[in-house]
Amino acid sequence: MSIVLPGEYVPAQHVNLKLGPGLLQLSNGTQQQAKSAPVISTRSGILNHSANKSKWWVEGNSRRYVPAPQESVIGVVTGRSGEGWRVDIGSAHPASLDGLAFEGATKRNKPALKVGSLLYARVSLAHKDMDPELECFDAQTHKSEGFGELKAGFVFQCSLQMSRLLLDPKHFLLPLLGSRFPLEAAVGMNGKVWVSTKETKHTIAVVRCIEVVDPDGGGMDEVNVKKFLSKLDI
């Protein structure tokens, strides 16, 4: 990991390169030239990449979510837009969701979404000159794979950095909570978390634990979280 500044060149190269927030690939030539075009950072922060270096992003303390392709997000339907819906995902502009962007959807068989409906979706298109677009199915299998309308449960906000931590399979928090009581959770890269439990006190425990582990709220480690949980009435 290293710290980068806006406009700094980044050594991001991979045959299946995917760029996340804070990075931009420069290209004015052909599609072949675009694949080898240089990459620069668009904001200051810590440069991160996946184990195989196919995914790169800049981790910062930005408060506003900047959509990036293939990222999972949680959003709220704010209105109809032609054959689809407008969805608030916390970005500068609302995202659009086509009525056919669901598993098995047809012109006669579409989800009956309403204003206020909560969705777990995937960003299918993100461009600085266009509104982001969403889909509610996996890009490879075209199955829902957990995407779609989120019913019941409770949704709350955390920092963008915390949402990335929760999506890391190696992070301790969600497995730890799941060992204490049954729960379902969906985490959006836009800093929104949806959780569903059988008891209200368990939902409160999840929210409280994420708040104290969040780097913006204290950054508590696993040992102290276990002590914290022992003091809660769960």
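A few points on the structure. (Residues numbered from 1 in each chain as written. Predicted model: local features only at pLDDT ≥ 70, side-chain atom pairs only at ≥ 80, totals over all residues. Heavy atoms only, no water.)

Some words on empty space enclosed by the protein
Empty space among the atoms can be located by rolling a probe the size of a water molecule over them.
And step 1. Per the counting criterion, the structure on display carries one cavity of 30 Å³ or more.
And step 2. Taken together, Pro 21, Arg 43, Val 58, Glu 59, Gly 60, Ser 62, Arg 64, Tyr 65, Val 66, Leu 160, Arg 164 and Met 189 make up the full set of residues lining the largest cavity.
And step 3. Grouping the amino acids of the lining of the largest cavity by side-chain chemistry returns six nonpolar, two polar and four charged. (1 Å grid on protein atoms, 1.4 Å probe; cavity = no way out; pocket = protein on both sides within 12 Å on 5 of 7 lines; lining within 4 Å. Points joined across faces, edges and corners; volume = space filled by probe spheres on them. Nonpolar A, V, L, I, M, F, W, Y, C, P; charged D, E, K, R; others polar.)

With respect to the packing of aromatic side chains
And step 1. Evaluation of the coordinates by the stated rule reveals three aromatic pairs.
And step 2. Measuring from ring centre to ring centre gives 6.3 Å for Trp 85 and Phe 102, while their planes differ by 85°; the resulting arrangement is edge-to-face. One end of the pair, Trp 85, is in strand 9 (residues 84-88); the other, Phe 102, is in strand 10 (residues 95-102), with 17 residues separating them in the sequence.
And step 3. Given a relative accessible area of 3%, Trp 85 falls into the buried group.
And step 4. By relative accessible area, Phe 102 is classed as buried at 10%. (Phe/Tyr/Trp six-rings, centres within 6.5 Å; stacked < 30°, edge-to-face > 60°. Helix = DSSP H or I, 4+ residues; strand = E, 2+ residues; numbered from the N terminus. Buried < 20%, exposed > 50% of the residue type's maximum accessible area, 1.4 Å probe, protein only.)

A closer look at the packing of helix 3 (residues 173-180) against helix 5 (residues 222-230)
And step 1. Interhelical geometry of helix 3 versus helix 5 gives an angle of 30° and a closest axis separation of 11 Å. When the interaxial angle is binned, helix 3 and helix 5 end up roughly parallel. The hand of the helix 3/helix 5 crossing is right-handed. Residue-level contacts link Leu 173, Leu 176, Leu 177 and Arg 180 of helix 3 to Val 225, Lys 226 and Leu 229 of helix 5.
And step 2. Class assignment of the residues belonging to the contact of helix 3 with helix 5 gives a composition of five nonpolar, no polar and two charged. (Axes fitted to C-alpha atoms, helices over the stretch in contact; angles between N-to-C directions. Parallel < 35°, antiparallel > 145°, perpendicular 65-115°, else oblique. Left-handed = near helix turned anticlockwise from the far one by under 90°. Contact = heavy atoms within 4.5 Å.)

Remarks on a nonpolar patch on the surface
And step 1. Taken together, the side chains of Tyr 9, Leu 24 and Leu 26 present a nonpolar region at the surface, about 280 Å² in accessible area.
And step 2. By the secondary structure assignment, Leu 24 is in strand 4 (residues 23-25).
And step 3. Given the relative accessible area of 34%, Leu 24 is considered partly exposed. (Patch = residues over 30% accessible without salt bridge, like charges linked within 9 Å, V, L, I, M, F, W, Y side chains within 5 Å. Areas by Shrake-Rupley, 256 points an atom, 1.4 Å probe, with all protein chains shown as cover. Salt bridge = Lys/Arg side-chain N within 4 Å of Asp/Glu carboxyl O.)

Focus on the sheet that holds strand 5 (residues 39-41)
And step 1. Taken in spatial order, the three strands make up an open sheet running 2-5-4, and their pairing is antiparallel. Of all strands in the sheet, those bounded by a partner on one side alone are strand 2 (9-10) and strand 4.
And step 2. As judged from the three bridges shared by strand 4 and strand 5, these two strands associate in the antiparallel manner. Residue pairing for strand 5: Leu 24 is matched across the bridge by Ile 40. (Pairing = 2+ DSSP bridges.)

Notes on the environment of Leu 177
And step 1. Along the chain, the position of Leu 177 falls in helix 3.
And step 2. Exposure remark for Leu 177: the relative accessible area of 0% places this residue in the buried category.
And step 3. Separated by 52 residues in sequence, Leu 177 and Leu 229 place their C-alpha atoms 9.0 Å apart.
And step 4. Aside from chain neighbours lying at most four places away, what touches Leu 177 is Leu 183, Val 206, Cys 209 and Leu 229.

Topic: the pairing of strand 10
And step 1. Bridge analysis of strand 9 against strand 10 gives four bridges, and the strand direction is antiparallel. Residue pairing across strands places Gly 84 opposite Asp 98, the latter belonging to strand 10.
And step 2. Linking strand 9 to strand 10, which pair antiparallel, is a turn of six residues; within it Gly 90 sits at a positive phi near 85°.
And step 3. Bridging between strand 10 and strand 12 (residues 130-136) involves three bridges; their strand directions are parallel. Considered in strand 12, the bridge of Ser 96 is made with Glu 133.

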